[in-house]
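Working through the structure, step by step
So the chains spell out like this:
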Amino acid sequence: MAYEVKDWKMAGCSLTLRTSELSDREYFSREINEAYSEGGGLNADYQTVEAIGRAISILGVEAGLVYGEDFVWKTAGVDEISFDFATPEIKRRAENVLGSFLLAD
């Protein structure tokens, strides 16, 4: 089920983070471009993928949250990624560990 439009479990439990604060990778792989001339769909947006991975790792290690139970990745946009949390309390725990990466409202 997609969560891009609908809330995952509860309204008001989303957080949006700045992708560029979580990753300084380039959007595409120069190595793939040099080897194959262009990377196509498989050579797309490495920065967003790394930012999602880092955010999930931080949520797990520093807040003790479990992906799929406490939160899910919602969507991504230009220099932003969003997550949905199961409850307001879990969202607050996430805010405490991800505070420096949060997109200003």
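It should be emphasised that the depicted structure is a prediction, and the values quoted were computed from it without experimental measurement.

Ranked by size, the top nonpolar core spans 22 residues in total, and within it Leu17, Leu22, Leu59, Leu65, Ile81, Phe83 and Phe85 carry the most contacts. Elements with a minimum of two residues in this core: β1 (14-18), α3 (46-63), β2 (71-77), β3 (80-85) and α4 (88-98). Among the elements that line this core, the one with the most residues is α3, at six residues. Those residues within four positions of Leu59 in sequence are excluded, and the remaining contacts are Gly64, Leu65, Phe71, Phe85, Ala94, Val97 and Leu98.

Time to look at unusual backbone geometry. Of note, Asp79 is a non-glycine position whose phi angle comes to about 55°, a positive value. Relative to the helices and strands, Asp79 resides in the loop between β2 and β3.

Throughout the structure, instances matching the rule amount to three aromatic pairs. Between the aromatic rings of Tyr67 and Phe71, the centroid separation amounts to 5.2 Å while the plane-to-plane angle is 90°, which identifies the pairing as edge-to-face. For the pair Phe71 and Phe83, a centre-to-centre distance of 6.0 Å together with 65° between the ring planes defines the contact as edge-to-face. Remark: Phe83 occurs in strand β3 and Phe71 occurs in strand β2; sequence separation between them is twelve residues. Here the two residues Phe71 and Phe83 agree in accessibility, since each one is buried. Taking NZ or CZ as reference, Lys9 lies 4.7 Å from the ring centre of Trp8, over its face.

Moving on to the sheet that holds β2. Pairing within the open sheet is antiparallel, and its three strands lie in the order β1-β3-β2. Taken across any chain shown, the strands that pair with only one partner, and hence form the sheet edges, are β1 and β2. Recorded for the sheet is a direction-independent mean angle of 25° between the axes of neighbouring strands. As defined by bridge partners, β1 adjoins β3 across five bridges and the pair is classed as antiparallel. Directly across from Leu17, in β3, lies its bridge partner Ile81. Against the sheet, α3 touches β1, β2 and β3, its axis set at about 35° to β3. Helix-sheet contacts for α4 involve β1 and β3, and the interaxial angle to β1 is about 15°.

Those residues of α4 lying buried are Ile90, Lys91, Ala94 and Leu98. Buried residues of α4 fall within an arc of 100° about the axis and therefore sit on the same side. Elements in contact with the buried residues of α4: β1, α3 and β3.

Relative to β3, β2 runs antiparallel, the two being bridged by six bridges. Within β3, the position partnered with Trp73 by the bridge is Phe83. Linking β2 back to β3 in an antiparallel pair, the connection comprises two residues, with Asp79 at a positive phi of about 55°.

Cut-offs and rules
Residues numbered from 1 in each chain as written. Predicted model: local features only at pLDDT ≥ 70, side-chain atom pairs only at ≥ 80, totals over all residues. Heavy atoms only, no water. Core = buried A, V, L, I, M, F, W, Y, C linked by side-chain atoms within 4.5 Å. Buried < 20%, exposed > 50% of the residue type's maximum accessible area, 1.4 Å probe, protein only. Helix = DSSP H or I, 4+ residues; strand = E, 2+ residues; numbered from the N terminus. Contact = heavy atoms within 4.5 Å. Phe/Tyr/Trp six-rings, centres within 6.5 Å; stacked < 30°, edge-to-face > 60°. Lys NZ or Arg CZ within 6 Å of the ring centre and 35° of its normal. Pairing = 2+ DSSP bridges. Axes fitted to C-alpha atoms, helices over the stretch in contact; angles between N-to-C directions. Arc of directions from axis to C-beta.

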